[in-house]
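# Summary of structural features
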Amino acid sequence: MRWKALNLQSWGRTCSDSCLATRPERVSEAISSLADVDASGLLAHGAGTSYGDVGLNPGGRVLLTQRLNRLLAFDPETGEVVAEPGVTIADLLRVFPPRGYTIPVSPGTAFVTLGGAVANDVHGKNHEGAGSFCNHVRWLDLLLPSGEIVRAGPDQRPALFQATAGGVGLTGVILAVCLRLVKTQSNGMRVDERRIADLDGFLAALEEAEPGAHSVGWIDALSGGRALGRGILQVGRVAAEPAPPPSGRTRSLPIDLPGFALNPLTVAAFNALYWRRVPVGGRQRLLAYETFSYPLDALLQWNRLYGRRGFHQFQCVVPTAEGPTALRRLLEEASRARAASFLAVLKRLGDGRAGFLSFPRAGYTLAMDFPHRSGTLALLGRLEWIVRDHGGRLYLAKDSAMSPEGFAEMYPELDPFRAVLAEVDPNGRMTSALARRLKLRGTA
Ligand SMILES: Cc1cc2nc3c(=O)[nH]c(=O)nc-3n(C[C@H](O)[C@H](O)[C@H](O)COP(=O)(O)OP(=O)(O)OC[C@H]3O[C@@H](n4cnc5c(N)ncnc54)[C@H](O)[C@@H]3O)c2cc1C
């Protein structure tokens, strides 16, 4: 196999990776690449939309999956599609909605690959009703570090499936995914938008939205005092009528903005405008699923907004009963730090999860972006403590700063995960920057 020196960067651009990369065109080439793997280890890499170091293997080898992007089979009776790991959610959305099927769960970008969606067991705005991505996976074919290819699913090698769903690429390379699509009436979403005055108002409004809806809240993370937690709630429901298709037009941010461009003043001004974009009495719109679900995908490379030094995303989930206190403490800490987060998102999660290290659990999830500056890592450390205090957890797909102790405390199914790794990869051939930072394999 051909390996080339490559510098990969995380989506948040705070982690980078000088590695040897190969980009197989066929599954057979992916299989033969295993023969070259030495002690520096291997990691699969999808679309690279994870914010932190979960998809990087500095000093080691990386297998880029984006050209393994064929649809292999589709059963129109059951809605089951079988696809290679580099197929993206955008690819599926181009093909299946006109045939009456759509994806059951999607994160906030359609650029993710199926391999990446499985390895982080991603969730969407409909998590309470639909569960996580791997709740809809019937089986997957996995290239184990030994070179053997095995099929795993909830009914077939369930422990291996649970270790691979949300298993951040450490059990091997996913070669195919069988995903159950869901029937859909139209591409349209009827979206209700309204202003919410404060955190208590937000929690009450999220509680009211039915679990089957797609609900997401934007929070003005700079506001404090009585306006702490003010924002806009969007609740989308599948519409019977079609919506105008998305224009498909994208723009690209051609340069890195200077580091000082996003500061508390500019972000406060943006937040005030964004808050006013929804009228006082609220509004309802008919939007295409893609327009509602992927607002950031219209601006390619939007991560350059944060300048060359990049940014961190902090995403936690806290149990429902802890929500009011924990979220208040987190928002107060962020607001006090004036750390200029203009992307802050609040959602409810249900119980649905498929893997030992899956992120979701019933409760509230809060995500905030912070530009990388002096003091940001200390702020992230304080936020981690608050989450630990309330029995919550941080999301590996977004993380770049969690402590190994915090990780072990937050993920109680780490032992069964490690037991599967010890069986399928006793020599630690699969590895990543995140796995080493968080001591994911334990001390052995
Ligand atoms: C704008 C934006 C919005 C987002 N919104 C959400 C959201 O709402 N919900 C959510 O859950 N996430 C969200 N994310 C995070 C994103 O969905 C996840 O990080 C996703 O896993 C990234 O997939 P990827 O293809 O980019 O994989 P990468 O980032 O390249 O890799 C992610 C992990 O998958 C592993 N992997 C990739 N391919 C394979 C394979 N073939 N075999 C084995 N392992 C593999 C990698 O080793 C790595 O551990 C968002 C990200 C962005 C940029």
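Residues numbered from 1 in each chain as written. Predicted model: local features only at pLDDT ≥ 70, side-chain atom pairs only at ≥ 80, totals over all residues. Heavy atoms only, no water.

### Observations regarding the environment of A117
- Tracing the sequence through the fold places A117 in helix α3 (residues 114–119).
- Judged by relative accessible area, which is 0%, A117 ranks as buried.
- In this structure, the C-alpha to C-alpha distance between A117 and E384, residues 267 residues apart in sequence, is 24 Å.
- For A117, the residues in contact, after removing those within four places along its chain, are V122 and F133. (Helix = DSSP H or I, 4+ residues; strand = E, 2+ residues; numbered from the N terminus. Buried < 20%, exposed > 50% of the residue type's maximum accessible area, 1.4 Å probe, protein only. Contact = heavy atoms within 4.5 Å.)

### As for the site of the ligand
- Of all residues adjacent to the ligand, which total 36 residues, the nearest are A44, T49, S50, T113 and Y395.
- S50 is positioned with one of its side-chain polar atoms (N or O) 2.7 Å from an oxygen atom of the ligand.
- I174 has a polar backbone atom sitting 2.8 Å from a nitrogen atom of the ligand.
- In isolation the ligand exposes 970 Å². Once the protein is present, 97% of that is buried.
- Elements represented by at least two residues in the shell around the ligand include exactly β3 (42–45), α3 and β10 (173–180).
- Taken together, the residues of the shell around the ligand break down into 18 nonpolar, 16 polar and two charged. (Near = heavy atom within 4 Å. Polar contact = N/O pair within 3.5 Å; in protein donor to acceptor, adjacent residues only side chain to side chain. Areas by Shrake-Rupley, 256 points an atom, 1.4 Å probe, with all protein chains shown as cover. Nonpolar A, V, L, I, M, F, W, Y, C, P; charged D, E, K, R; others polar.)

### Examining the environment of L170
- Checked against the element boundaries, L170 lands in the loop between α5 (158–164) and β10.
- In this structure L170 comes out as buried when scored by relative accessible area, which is 0%.
- Between the C-alpha atom of L170 and that of A435, which follows or precedes it by 265 residues, the distance is 8.3 Å.
- Aside from chain neighbours lying at most four places away, what touches L170 is F417, L421, D425, M430, T431, S432, A435, L440 and R441.

### Some details on the sheet that holds β10
- In spatial order, the strands read β5-β6-β10-β8-β9; together these five strands make up an open sheet with antiparallel pairing. Each having just a single partner strand, β5 (71–75) and β9 (149–152) make up the two edges of the open sheet. Between one strand and the next, the sheet's axes are offset by a mean angle of 15 degrees, whatever the strand orientation.
- Here six bridges tie strand β8 (residues 137–143) to β10, and the two strands are oriented antiparallel to one another. Its bridge partner being in β10, V137 is matched across the sheet by L179. (Pairing = 2+ DSSP bridges. Axes fitted to C-alpha atoms, helices over the stretch in contact; angles between N-to-C directions.)

### Topic: the packing of helix α9 (residues 323–337) against helix α10 (residues 376–389)
- It is the contact of α9 with α10, at a shortest axis distance of 10 Å, that shows an interaxial angle of 170 degrees. Here α9 lies roughly antiparallel to α10, going by the angle between them. Judged by residue contacts, A326, R329, L330, E333 and A337 of α9 engage L379, R382, L383, I386, V387 and D389 from α10.
- Class assignment of the residues belonging to the contact of α9 with α10 gives a composition of seven nonpolar, no polar and four charged. (Parallel < 35°, antiparallel > 145°, perpendicular 65-115°, else oblique.)

### Some points on the side chain of T365
- Along the chain, T365 turns up in strand β20 (residues 363–371).
- Its relative accessible area of 1% is what places T365 among the buried residues.
- Not counting chain neighbours up to four residues away, the residues in contact with T365 comprise Q315, C316, V317, V345, L346, K347, L349 and F359.

### Details of unusual backbone geometry
- Positive phi values are uncommon outside glycine, yet R13 reaches one of about 65 degrees.
- Within the element layout of this structure, R13 appears in the loop between β1 (4–9) and β2 (16–22).
- For R13, a relative accessible area of 14% translates into the label buried.
- Phi angles above zero are rare outside glycine, and D121 is one such case at about 40 degrees.
- Along the polypeptide, D121 turns up in the loop between α3 and α4 (127–130).

### Some thoughts on α9
- Along its 15 residues, α9 runs 21 Å from first to last C-alpha, staying within 8% of the 21 Å computed at 1.5 Å per residue.
- Taken together, the buried positions of α9 are occupied by G323, A326, L327, L330, L331, E333, A334 and S335.
- Just beyond α9, the residue with positive phi is R338, at close to 45 degrees. (Expected span 1.5 Å × (residues − 1).)

### Here's the deal with the domain arrangement of the protein
- Domain boundaries assigned for the protein yield domain 1 (71–184) and domain 2 (188–403).
- Centre-to-centre separation of domain 1 and domain 2, based on C-alpha positions: 25 Å.
- On the side of domain 2, 31 residues touch domain 1, which itself brings 31 residues to the contact.
- Across the domain 1/domain 2 interface, buried area totals approximately 2400 Å², and carbon plus sulfur atoms make up 56% of it.
- If you sort the residues of domain 1 by the area they bury against domain 2, H123, K125 and E128 come out on top, with a joint share of 32%.
- Applying the counting rule to domain 1 against domain 2 returns one salt bridge.
- The interface formed by domain 1 and domain 2 contains 15 residue pairs in polar contact (both at pLDDT 80 or more). (Domains from an automatic or database assignment. Buried area = accessible area lost by both parts, 1.4 Å probe. Salt bridge = Lys/Arg side-chain N within 4 Å of Asp/Glu carboxyl O.)

### What about empty space enclosed by the protein?
- Under the definition given, this model contains two cavities of 30 Å³ or more.
- Taken as a whole, the largest cavity holds about 110 Å³ of empty space.
- Along the wall of the largest cavity there are 14 residues; nearest its centre are F314, L380, L394, D399 and A401.
- Residue assignment for the lining of the largest cavity shows that the elements contributing at least two residues are β18 (311–319) and α10.
- At four residues, the largest contribution of residues to the lining of the largest cavity is made by β18. (1 Å grid on protein atoms, 1.4 Å probe; cavity = no way out; pocket = protein on both sides within 12 Å on 5 of 7 lines; lining within 4 Å. Points joined across faces, edges and corners; volume = space filled by probe spheres on them.)

### Topic: α10
- Here α10 contains 14 residues, and its C-alpha end-to-end distance of 20 Å stays within 8% of the 20 Å for a straight helix at 1.5 Å per residue.
- When we look at burial in α10, the residues that qualify are T376, L379, L380, L383, E384, I386, V387 and R388.
- Taken together, the buried residues of α10 touch β18, α9, β20, β21 (393–394) and α11 (404–410).
- In the segment just after α10, G391 is the residue with positive phi, at about 70 degrees.

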